[in-house]
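Observations on the model geometry
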Amino acid sequence: MDKTGLPRRSRKPLQITLAAFLSVFTCLGYLRTLQPTSGPELFNHSGPADCFDSPSEIWHKIPATDKLDWHSCYDNFQCTRLKVPLNYSDPLGNSLVVAVVQYPSQYPHNSTDYKGPILFNPGGPGGSGVDLILGRDIARSTRVSVFQTEVERALWGYDLVSELGYSPDGVGKAWAAASVTGELALERDNGLLAHINTDQTARDMLRITEAYGYEKLQYWGFSYGTVLGATFAAMLPDKVGRLIIDGVCDSDDYYATLWSKNLVDSEKTLQGFFDGCYEAGPQRCSFYAPSPDAISANLTALYNRLRTAAVPVKTDSGYGVVDYRRLRRAVFSSLYTPYAKFPLLADALSELARGSGNLLYNMTREPEVKCSCPDPSNELASVNEATMFVACNDGTPVPNNLTETKEYYAEISSQYDFGSLWAGLRIGCSTIYRKHESSSSSHWQYCGAQKMSAGFKDSVVLHQASFGHCSLAAASPCTLGYIREYFFNGTLPKAGTVCPTIDKLFFTPEKAEVQEQTVWSYEDRMSKLGRELRSLSAERGHGPLQV
């Protein structure tokens, strides 16, 4: 062990990418999708030919098979579409298609140096492991949606995580919108949605592993992916090889559809913004004030101003308004990846205080919806409803009445400053899938990192001392070193280990100007990888459980 907290290893050249970090493995991203291989057709491809000229077109050309039939894609990657049972209780019935992308190991599979595949899940629920591995937003497999077109989705504008305390009828409107959305889902379901849940997805992971020729899962899951990983381990304990759950969620709380434990440290992270801005000074933090309390007061003043006076925005790239709801969402979203987002937030708040909302609007604007032709890539893109499909299916049914909804909102908003945004997640399940039952009751019943660890013999909790959600929110050579040792050798850190990071809020380390093939020290390689993973995490976007 050296002064950085890293376990020492031999010093060999290593190209610094997510895949090369685990270069003796195959990195797999996957997504459970909703294209039946028998039964009704969900989509009709039509429209001008130029509508099909998009990066997602490759997935339309890959046939779904019962094995991992790889096709070259996206430069150095390989893609396939694997058939899996819609319902594992009826394995001979209808099938779904799971999109899988891999970055192949540098070693052939028959080499003694090859360590097998690692599956990644980015969370959500409903996030795409394919997008995580590719490092960009690329459509990957057909999905089922509440809405029939992208225009319908955009016009309805339903958002699970949105500030509800903006007006006296905010909660009532959210409940009414959830009721309509739930009725649409029930009306347009063709029998598939009951099987889009964590139980089935856990079995998908085993199916992918077995299709690869291995008996035991190797897995790294983030946020909701920790619920998925823990559920897999509880359901199939003899099928676990190496398993890392990162950014651990309270599974009891999740399966009870309470969503009441996710914000426990959110206000500490916001305090980190105030403290970090003050320590950085006016040269590094443009929202600087003479004390952390003064910075906090200035943000509160902006909240109060925008409650009654929204700021108009008109730029060359778009137009809209910055109001109280948009400001609250911008601040909340920055808590996921604060080392990357806090400087941007400070600039936006400083500009807003001077009367311009351009920066904050650009931080929170949604992609434009184009309706000139039916773009097949839209059929494959991630949608917000994916969170509802999984979480509402998994959890205890939520009472569908406005009185209970208001009581829940009052409780969670009194516990947490951002509870007024978070409440929409439970409200969204008020009518979603009340008629559906999960296919399995083998839910993991431990919550939080310590409880989960206590439930798994010989497991260890590794604590990374940083703000944000999941280890990728900050660069920690120490953490990455232990992850590498675990996947390579099965070596666990000692209980109670705390890893520092090389990041500091509002301070960006200088990037080394070196050639890609330079022989770096192990410490240098882990440091650069940590920064690249942090950048990747900041760019990916996050699902609701990722906070």
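Predicted model only: the values in this text are computed from it and were never measured.

Quick notes on the confidence of the model for the chain
- The pLDDT averaged across the chain works out to 79; a share of 73% of its residues lies at or above 70.
- Between the elements of the chain, mean pLDDT differs from a low of 41, seen in helix α1 (residues 18–21), to a high of 98, seen in helix α10 (residues 292–308).
- A low-confidence stretch, residues 510–522 (pLDDT under 50), is modelled with 14 contacts involving residues beyond four sequence positions or located in other chains.
- Every residue in residues 540–547 is under pLDDT 50, and counting partners more than four places away or in other chains gives 39 contacts.

Topic: the pattern of salt bridges
- Summed over the entire model, instances satisfying the criterion amount to nine salt bridges.
- A salt bridge links R188 to E152; the nearest nitrogen and oxygen atoms lie 3.1 Å apart. Separated by 36 residues along the polypeptide, R188 in helix α5 (residues 170–188) and E152 in helix α4 (residues 150–156) bring together distant segments of the chain.
- The class for E152 is partly exposed, based on a relative accessible area of 22%.
- Linked by salt bridges that have partners in common, E163, R328 and D417 make up one network.

Remarks on the packing of helix α9 (residues 266–280) against α10
- Look at α9 against α10: their axes get within 8 Å of each other, and the N-to-C directions meet at 120 degrees. Regarding the angle of α9 to α10, the classification is oblique. The handedness of the crossing between α9 and α10 is right-handed. The residues of α10 that touch α9, namely those facing L270, Q271, F273, F274, D275, C277 and Y278, are P292, I295, S296 and L299.
- The residue makeup of the contact of α9 with α10, split by class, is eight nonpolar, two polar and one charged.

Remarks on the state of the cysteines
- Using the criterion set out here, one finds four disulfides in the structure.
- Here C277 pairs with C285 through a disulfide, and the sulfurs are 1.9 Å apart. Residues C277 and C285 are joined through a disulfide that is left-handed, its torsion about the S-S bond being -90 degrees. A single burial state applies to C277 and to C285, both of which are buried.
- Note on cysteine connectivity: C392 is disulfide-linked to C429, with sulfurs 2.0 Å apart. Across the S-S bond linking C392 and C429, the dihedral sits near -85 degrees, which makes this disulfide left-handed. Of this pair, C392 sits in helix α14 (residues 385–394) while C429 sits in the loop between α16 (419–427) and α17 (448–455); the two residues are 37 residues apart in sequence, bridging distant segments of the chain. C429 matches C392 in its accessibility class, with the two residues each being buried.

Thoughts on the environment of I245
- Here I245 lies in strand β8 (residues 240–246).
- Note on I245: relative accessible area 22%, which makes it partly exposed.
- Here the alpha-carbon distance between I245 and T226, two residues 19 residues apart in the chain, equals 4.6 Å.

Regarding α9
- In this model, α9 (15 residues) spans 21 Å end to end at C-alpha, consistent with the 21 Å of a helix rising 1.5 Å per residue.
- Those residues of α9 hidden inside the fold are in contact with α10, α11 (324–334) and α12 (338–353).

Quick notes on the packing of aromatic side chains
- Applying the stated criterion to the full structure yields 21 aromatic pairs.
- Where Y278 meets Y288, the ring centres are 6.1 Å apart and the plane angle is 5 degrees; that geometry is what we call stacked. Taken together, the positions of Y278 in helix α9 and Y288 in the loop between α9 and α10 put the pair 10 residues apart, joining distant regions of the chain.
- Ring centres 5.8 Å apart and planes at 80 degrees place the aromatic pair Y303 and Y324 in the edge-to-face group. Taken together, the residues Y303 in helix α10 and Y324 in helix α11 connect sequence positions 21 residues apart.
- Classification of Y303 by relative accessible area gives buried; the value is 9%.
- Given a relative accessible area of 8%, Y324 falls into the buried group.
- Taking NZ or CZ as reference, K504 lies 4.8 Å from the ring centre of F507, over its face.

The rules behind each value
- Residues numbered from 1 in each chain as written.
- Predicted model: local features only at pLDDT ≥ 70, side-chain atom pairs only at ≥ 80, totals over all residues.
- Heavy atoms only, no water.
- pLDDT = per-residue confidence, 0-100.
- Helix = DSSP H or I, 4+ residues; strand = E, 2+ residues; numbered from the N terminus.
- Contact = heavy atoms within 4.5 Å.
- Salt bridge = Lys/Arg side-chain N within 4 Å of Asp/Glu carboxyl O.
- Buried < 20%, exposed > 50% of the residue type's maximum accessible area, 1.4 Å probe, protein only.
- Axes fitted to C-alpha atoms, helices over the stretch in contact; angles between N-to-C directions.
- Parallel < 35°, antiparallel > 145°, perpendicular 65-115°, else oblique.
- Left-handed = near helix turned anticlockwise from the far one by under 90°.
- Nonpolar A, V, L, I, M, F, W, Y, C, P; charged D, E, K, R; others polar.
- Disulfide = S-S within 2.5 Å.
- Expected span 1.5 Å × (residues − 1).
- Phe/Tyr/Trp six-rings, centres within 6.5 Å; stacked < 30°, edge-to-face > 60°.
- Lys NZ or Arg CZ within 6 Å of the ring centre and 35° of its normal.

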